[in-house]
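# Topology and contacts: notes
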Amino acid sequence: MMERLREGANSLTVKIILSLIIFSFVFAGVGGYLTDGSKSPIVKIGDQNISHNQFEQAYKNEHAQMQTQAGDVFTTLLSDPDYLAQFRSDVLNRMVNKVLLDQQADALGLRVSDEQIKQTIRSMPAFHATVNNFDNDFYLATLKHNHLTPDQFAKYVRQDLVREQLIHGLQNSAFVLKNELTSLYKLERQTRSVRTLSLSPDDFAAKAHITAEQEQDYYQQNPAKFIRPKQFKISYVELSGDSIANLMNVTERDAKEYYDANLALYSTLEKRKVSHIMIQGDDNTAKIKAEVVLAELNAGADFAELARMRSYDTFSAKQGGQLDWFETGVMDFAFEEAAFSLVKKGDISGVVKSSFGYHIIKLNDIKASGTEPFETVRDQIIVQLKQQYAADKFFALSNDLTEKAFEMPDNLDEAASAINSTVQQTDFISLSDLNGTLAHPKVQKALQLSEKHDDGLNSDIIELSPEHIIVVRIDDTQPELVLSFDDAQPQVISLLKRQIGEKEVHALAKNLVDELRVGNNTNLNALGYVFSDATDVGRMSSDREVVELAFTLPAPTGDTSEYGITRSLNGNLIIVALDSVKEPKATDISLASQIANRISHAFASSELMATINQLKQNTKITYPLKTTEQYL
């Protein structure tokens, strides 16, 4: 039991689970996973349903996580309806995968102990008043706030632990053979000697001659390319917690008073590192075995050696019985009491009975309790006090903004004045050209509502994040129209030249490659084109377009080269000459090497996906709603 407790608290798998649980729980709430008022499932997996509420909760969690990681980049991506639909589809697919894995784990009879669940929850930083100090009152209050009982939350944790147990088992079953490793190593380390020649369409476009007749014909044949979209003049008032926080002046005295009043937040408890020898059982026989071990220690036997030979806690036994640092409130009470009663390094306890068996404990080291100096945490406290002020102030100002924007629906002046701000305005601009806050999908959606267009009314309060809101209105509108030829002429000329440049550069590149493949470089030399010097590229080299083409071309034979055409990110055509393929030197690769581990991990991921795909084939999965309805 002690071994499982230790492994459960420190394994990578559990840490991954904790990070997911903590994020979902603290920032978005887990109630949606466990309670659901929706009766119409979005998908059925065997006899289990995923409802709208569960899906929306999972979507909100992943949306919040991506928003935190990618910021405005993610916001911009979500403005694309296709990307949004794909993102929501991916969320649903991951939920289906989890259900399939849960069902498989249940079919296999996988279980986790109540003690593992308890230690997992106690290890969650979200419930710690200070570092490594679980706060039971805060834990219960947080669950209550999210309409959860401890049993419900424990059920959620149990489900995740069991699922990860299955995943861990599948991944650990993957392995790589020696000959596979050698072949993959050679393929990965293979290099190819290439030369390149870049041809820019812009060079050909600049030389293109266009007649007035061509311009008129192109304009008449492509009216859709010269449409100016509907444009709007937009007013808005924005309120954010960050802007409020920046207005508050927190003095060092304020910070010091907070520090003194909350000293426990910046204090750490005494920690101890011990080794132990564990004898399993709670009867007299186990106790006698422990007393024999203690007698051997008192007679001068080496503690670490006895731990390796006698301790039932096999995980710590491999380390000579040594455990990690721990503080009070973490271990079994009797074990902890005995460990903290030891005075000097090297002291050994008597026989100690815990709920796991009998122990002999040796004190290895002590970390005294301490408090972080005020100077170390001063800046952190100042930021925290500003945020607290901002949160309180934001709530009051957001109510004022909401009230005034509703009472005066045809302007934003009163609303801006109520929060001591100003009305921001744009020139005429299309919705697709908006940037920053106005490009947010929620703002775009509000601006597209017909009443906002027709009547120039204020929008409802739009919540962009928990402490960031905005109200928008459309002051004026310009309809969509086809630009006149005079207005469109610069664009007509640019598009025509680009079209001609693309056509000519493609024709030239194809012609040069056809000639070079038969050994004819006359035209190449006549035009003054010169390939770059030869360079060796590997599969992970930076010039991805060149690398991808080079590793798809056949290996050259004799003194000849192979040629191909690709396009660079800047739009240029690249002629690639593959001169030779170079294999790495044969080497004896250890199955414990980094490359072996990496390949094993790749195999493990493939094994997991193959298992999920097989489960999908063997399980009846239906989507009661139409595809278009699922992602609304």
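Please refer to the structure higher up on the page.
First, a word on what this report is: a plain description of the structure on this page. (Residues numbered from 1 in each chain as written. Predicted model: local features only at pLDDT ≥ 70, side-chain atom pairs only at ≥ 80, totals over all residues. Heavy atoms only, no water.)

In this section: the overall build of the chain. In terms of helices and strands, the chain carries 27 helices and 21 strands. Taking all 632 residues of the chain together, 38% fall into the buried category. When contacts within the chain are restricted to residue pairs at least 6 apart in sequence, long-range pairs at least 24 apart make up 73% of them. On the chain, roughly 35,500 Å² of surface is accessible, and the fraction owed to carbon and sulfur atoms is 51%. (Helix = DSSP H or I, 4+ residues; strand = E, 2+ residues; numbered from the N terminus. Buried < 20%, exposed > 50% of the residue type's maximum accessible area, 1.4 Å probe, protein only. Contact = heavy atoms within 4.5 Å. Areas by Shrake-Rupley, 256 points an atom, 1.4 Å probe, with all protein chains shown as cover.)

Looking now at the sheet that holds strand β18 (residues 535-537). Within the open sheet, the 4 strands sit side by side as β18-β5-β20-β19. Their pairing is antiparallel. Only two strands of the sheet have a single neighbouring strand rather than two, namely β18 and β19 (562-567). Here the strands of the sheet are splayed against their neighbours by 40 degrees on average, with no regard to which way each runs. Sitting on the sheet, helix α23 (residues 485-517) touches β5 (191-199), β19 and β20 (573-582), and the angle it makes with β19 is about 165 degrees. (Pairing = 2+ DSSP bridges. Axes fitted to C-alpha atoms, helices over the stretch in contact; angles between N-to-C directions.)

Once that is clear, we can look at helix α16 (residues 303-310). Taken residue by residue, α16 has F303, L306 and A307 as its buried positions. All buried residues of α16 lie within an arc of 105 degrees about the axis, which places them on one face of the element. Next to the buried residues of α16 lie β9 (271-280), α15 (284-298), α17 (314-317) and β12 (357-367). Between the side-chain oxygen at the start of α16 and the backbone nitrogen of A304 there is a gap of 3.3 Å, and the oxygen is on D302. (Arc of directions from axis to C-beta. Polar contact = N/O pair within 3.5 Å; in protein donor to acceptor, adjacent residues only side chain to side chain.)

The next thing to look at is the nonpolar core. The biggest cluster of nonpolar side chains holds 39 residues, and the ones touching the most others in it are I50, I121, F127, F153 and V157. The set of elements that each furnish at least two residues to this core consists of β1 (41-45), α4 (52-70), α5 (72-78), α6 (81-107), α7 (114-122), α8 (136-145), α9 (150-172) and α26 (594-618). No other element matches α6, which puts 9 residues into this core. If you look at the next biggest cluster of nonpolar residues, it comprises 15 residues, including F204, A509, Y563 and I575. (Core = buried A, V, L, I, M, F, W, Y, C linked by side-chain atoms within 4.5 Å.)

This paragraph deals with the pairing of strand β16 (residues 468-478). If a strand is regular, its side chains alternate between the two faces of the sheet. Where strand β7 (residues 231-240) and β16 come together, 10 bridges link them in antiparallel fashion. Bridge pairing in β16 links K233 to D476. In the sheet, strand β15 (residues 462-465) pairs with β16 via 3 bridges, with the strands oriented antiparallel. Paired with E463 across the bridge in β16 is I469. Connecting the antiparallel pair β15 and β16 is a turn made up of 2 residues.

This paragraph deals with the pairing of β19. Summarising the sheet, β19 and β20 pair through 6 bridges and their orientation is antiparallel. Bridge assignment links T566 to a residue of β20, and that residue is I574. The loop that links β19 with its antiparallel partner β20 comprises 5 residues; one of these, G571, has a positive phi angle of about 95 degrees.

Closest axis-to-axis distance for the α15/α16 pair is 10 Å, and the angle between their directions is 155 degrees. Classed by the angle they form, the pair α15 and α16 counts as roughly antiparallel. Between α15 and α16 lies a crossing whose hand is right-handed. On α16, the residues touching V293, E296 and L297 of α15 are F303, L306 and R310. (Parallel < 35°, antiparallel > 145°, perpendicular 65-115°, else oblique. Left-handed = near helix turned anticlockwise from the far one by under 90°.)

We now examine the side chain of N97. In this fold, N97 is placed in helix α6. Since its relative accessible area comes to 11%, N97 is described here as buried. Sequence-distant contacts of N97, that is, excluding residues within four places in its chain, are made with I612 and K616.

Looking now at the packing of aromatic side chains. Centre distance and the angle of the planes are the two values used to describe a pair of aromatic rings. Counting across every chain of the model gives 16 aromatic pairs. Consider the rings of Y83 and F87, whose centres lie 6.5 Å apart with planes at 10 degrees: the pair is stacked. Here Y83 and its partner F87 are both found in helix α6, 4 residues apart, which amounts to about one turn of the helix. Residue classification places F87 among the buried residues on the basis of a relative accessible area of 8%. Between F326 and F335 the ring centres are 6.3 Å apart and the planes differ by 50 degrees, which places this aromatic pair in the tilted class. Accessibility assignment for this pair places F326 and F335 in one class, buried. An aromatic cluster is defined as three or more aromatic residues linked by ring pairs; in this entry it consists of F127, F134, Y139, F153 and Y156. Lying across the ring of F531, R195 places its NZ or CZ 5.1 Å from the centre. (Phe/Tyr/Trp six-rings, centres within 6.5 Å; stacked < 30°, edge-to-face > 60°. Lys NZ or Arg CZ within 6 Å of the ring centre and 35° of its normal.)

Examined against the element boundaries, P41 turns out to sit in strand β1. Classification of P41 by relative accessible area gives buried; the value is 13%.

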